[in-house]
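# Survey of secondary and tertiary structure
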Amino acid sequence: MDVPTWVWIATFAVTIVIFTFDLVIVGRRPHEPSMKECATYLSIYVGLAIVFGIGVWLTWDHQHGLEFFSGWLVEYSLSIDNLFIFIIIMAKFAVPKELQQYALMIGIVMALVMRAIFIAVGAAAISNFSWVFYVFGLFLVYTAFKLAKEGGEDEDDEFEENKLVAFVERRFPATSEWHGKKLLVSGETAGKMITPMFIVILTLGTTDLLFALDSIPAIFGITKEPYLVLTANIFALMGLRQLYFLIGGLLQRLIYLSYGLAFLLAFIGVKLFFHALHENELPFINGGEHLDYAWLEIPIWLSLVVIVATLAVTAVLSLWASSRMTPEQQDAATGPRRDWEDD
């Protein structure tokens, strides 16, 4: 897939315009979005992703179109799982409802920039070292095992403040009072002080970067095209803020989501490992020769079928099982309900 330079430039330009417009709208009038507002924006972003995927299909070929849709679905499903942690972060820092979407927006923009760097590094690695697929594959299988093992544990126990945030809190004077969207305020004795908004945004951005350690290898298991990897991440992050408000309560009913995602990560990990064997250059495996077996290359259409079927089965089983549970049993399965879910 040969992507012209002007297409890269246009993609970056359109992405910047969309996120800037969104940020200006949110920043000008901080508020708690209504369900109608969230549904409208989310439908627009999903529609854009579908149109883009069709455009890839028609402009290049159906193979790359399927790769985009598969990668986008994987990134989107992993992003939904990330929302659990975002809810915990908002609760931990007691972020006012009218400021939550602004904090999410800034955090998402930071995450997108850092993911772009990750993607560039990953693309360079796999283009020069075929053995990187072994590393990615084993890492995803390990992550899948860990995710499945922790699937039934309380989500509140999973979030720990990362070292960068802890360092910033220790190093810089901070105020405990909220000052709207401001990141820095003037203190009476300490000069400039960071606000809770600064800490929340830093936490959201760096936390999502940790999630990229799973999602970036996963999407490279779907497509090796850096352009598709980047655009799938862009479209997955575009509607994340609206998704946070739209299905916040529904997340508590997706009690098997971790198991479904664990299966997907394991499937993609095995797919990567098979691809590594097919491209093998390591001297201690098959004498450094490729393993040219047809079954080592799982076709993209089969990957898409597995992804869609897994997400559908996970959602249906989760909603069916949670509907038969008492609120106390749901709390035990997914963690305590958040205060704002009852509003």
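Note that the structure is a prediction, hence the values are computed from the model and not measured.

Cut-offs used in this document
- Residues numbered from 1 in each chain as written.
- Predicted model: local features only at pLDDT ≥ 70, side-chain atom pairs only at ≥ 80, totals over all residues.
- Heavy atoms only, no water.
- Helix = DSSP H or I, 4+ residues; strand = E, 2+ residues; numbered from the N terminus.
- Buried < 20%, exposed > 50% of the residue type's maximum accessible area, 1.4 Å probe, protein only.
- Contact = heavy atoms within 4.5 Å.
- Areas by Shrake-Rupley, 256 points an atom, 1.4 Å probe, with all protein chains shown as cover.
- Axes fitted to C-alpha atoms, helices over the stretch in contact; angles between N-to-C directions.
- Parallel < 35°, antiparallel > 145°, perpendicular 65-115°, else oblique.
- Left-handed = near helix turned anticlockwise from the far one by under 90°.
- Nonpolar A, V, L, I, M, F, W, Y, C, P; charged D, E, K, R; others polar.
- Core = buried A, V, L, I, M, F, W, Y, C linked by side-chain atoms within 4.5 Å.
- Salt bridge = Lys/Arg side-chain N within 4 Å of Asp/Glu carboxyl O.
- Patch = residues over 30% accessible without salt bridge, like charges linked within 9 Å, V, L, I, M, F, W, Y side chains within 5 Å.
- Polar contact = N/O pair within 3.5 Å; in protein donor to acceptor, adjacent residues only side chain to side chain.
- Expected span 1.5 Å × (residues − 1).
- pLDDT = per-residue confidence, 0-100.
- Phe/Tyr/Trp six-rings, centres within 6.5 Å; stacked < 30°, edge-to-face > 60°.

## Structural notes on the overall build of the protein chain
Within the protein chain one finds 13 helices and 2 strands. Going through the 343 residues of the protein chain one by one, you find that 50% of them count as buried. Within the protein chain, counting contacts between residues at least 6 apart in sequence, those at least 24 apart form 79% of the total. Roughly 16,600 Å² of accessible area belongs to the protein chain as shown, and the carbon and sulfur atoms make up 67% of that amount.

## Things to note about the packing of helix α4 (residues 97-128) against helix α8 (residues 226-238)
Look at α4 against α8: their axes get within 10 Å of each other, and the N-to-C directions meet at 165 degrees. Classified by the angle their axes make, α4 and α8 are roughly antiparallel. Two packed elements cross with a definite hand, and for α4 against α8 that hand is right-handed. Residues Ile108, Leu112, Arg115, Ala116, Ile119 and Ala123 of α4 touch α8, and the partners they reach there are Pro226, Val229, Leu230, Asn233, Ile234 and Leu237. For the contact of α4 with α8, the class distribution of residues is 10 nonpolar, 1 polar and 1 charged.

## Things to note about the packing of helix α5 (residues 132-149) against helix α7 (residues 196-220)
One way to put it is that α5 packs onto α7 with a least axis distance of 10 Å and a crossing angle of 125 degrees. Comparing the axis directions of α5 and α7 gives the class oblique. In this structure, α5 crosses over α7, and the sense of that crossing is left-handed. Listed contacts from α7 to Phe133, Phe136, Phe139, Leu140 and Thr143 of α5 are Leu213, Asp214, Pro217, Ala218 and Phe220. Split by residue class, the contact of α5 with α7 holds 8 nonpolar, 1 polar and 1 charged.

## Brief notes about the environment of Ala315
Residue placement: Ala315 occurs in helix α12 (residues 300-323). Take Ala315: its relative accessible area is 28%, and that puts it in the partly exposed class.

## Digging into the nonpolar core
In terms of nonpolar packing, the biggest core is built from 92 residues, with Phe68, Trp72, Phe86, Leu204, Phe220 and Tyr244 touching the most fellow members. Take this core: its biggest share by element is 16 residues, from helix α3 (residues 62-92).

## A look at the pattern of salt bridges
Considering all chains together, one arrives at 1 salt bridge under this definition. Across the pair Arg115 and Glu75 runs a salt bridge whose closest N-O atoms are separated by 3.3 Å. One end of the pair, Arg115, is in helix α4; the other, Glu75, is in helix α3, with 40 residues separating them in the sequence. Assessed through its relative accessible area of 2%, Arg115 is described here as buried. On the basis of relative accessibility, which here comes to 1%, the residue Glu75 falls in the buried class.

## Points about a nonpolar patch on the surface
Taken together, the side chains of Ile50, Ile54, Trp57 and Leu58 present a nonpolar region at the surface, about 400 Å² in accessible area. Judged by its relative accessible area of 36%, Ile50 falls in the partly exposed class.

## Regarding the side chain of Thr310
For Thr310, the position within the fold is in helix α12. Judged by relative accessible area, Thr310 falls into the buried class, the value being 10%. One polar contact links the side chain of Thr310 to the main-chain carbonyl oxygen of Val306, over a distance of 2.7 Å. Non-local contacts of Thr310, meaning those with residues more than four positions away in its chain, are made with Gly260, Phe263 and Leu264.

## Things to note about α5
Compared with the 26 Å implied by 1.5 Å per residue over 18 residues, the 26 Å span of α5 between its first and last C-alpha is a close match. Within the sequence span of α5, burial applies to Val132, Phe133, Tyr134, Phe136, Gly137, Leu140, Thr143, Ala144 and Leu147.

## Brief notes about unusual backbone geometry
Phi is positive for Ala94, which is not a glycine, with a value near 50 degrees. Relative to the helices and strands, Ala94 is located in the loop between α3 and α4. Residue class for Ala94 comes out exposed when judged on its relative accessible area of 54%.

## Comments concerning the confidence of the model for the protein chain
Counting all residues, the mean pLDDT for the protein chain is 78, and 82% of those residues have values of 70 or more. This stretch, residues 335-343, has a pLDDT under 50; its non-local contacts, to residues over four places away or in other chains, come to 24 contacts.

## Overview of the packing of aromatic side chains
How two aromatic rings sit relative to each other is set out by the distance from centre to centre and by the angle between their planes. Summed over the entire model, instances satisfying the criterion amount to 13 aromatic pairs. With a centroid separation of 6.1 Å and an interplanar angle of 45 degrees, the aromatic rings of Phe52 and Tyr227 are classed as tilted. Within this pair, whereas Phe52 is found in helix α2 (residues 35-59), its partner Tyr227 is found in helix α8, the two being separated by 175 residues in sequence. Here the aromatic cluster, defined as three or more aromatic residues joined through ring pairs, consists of Trp8, Phe12, Phe52, Trp60, Phe68, Phe69, Tyr227 and Phe235.

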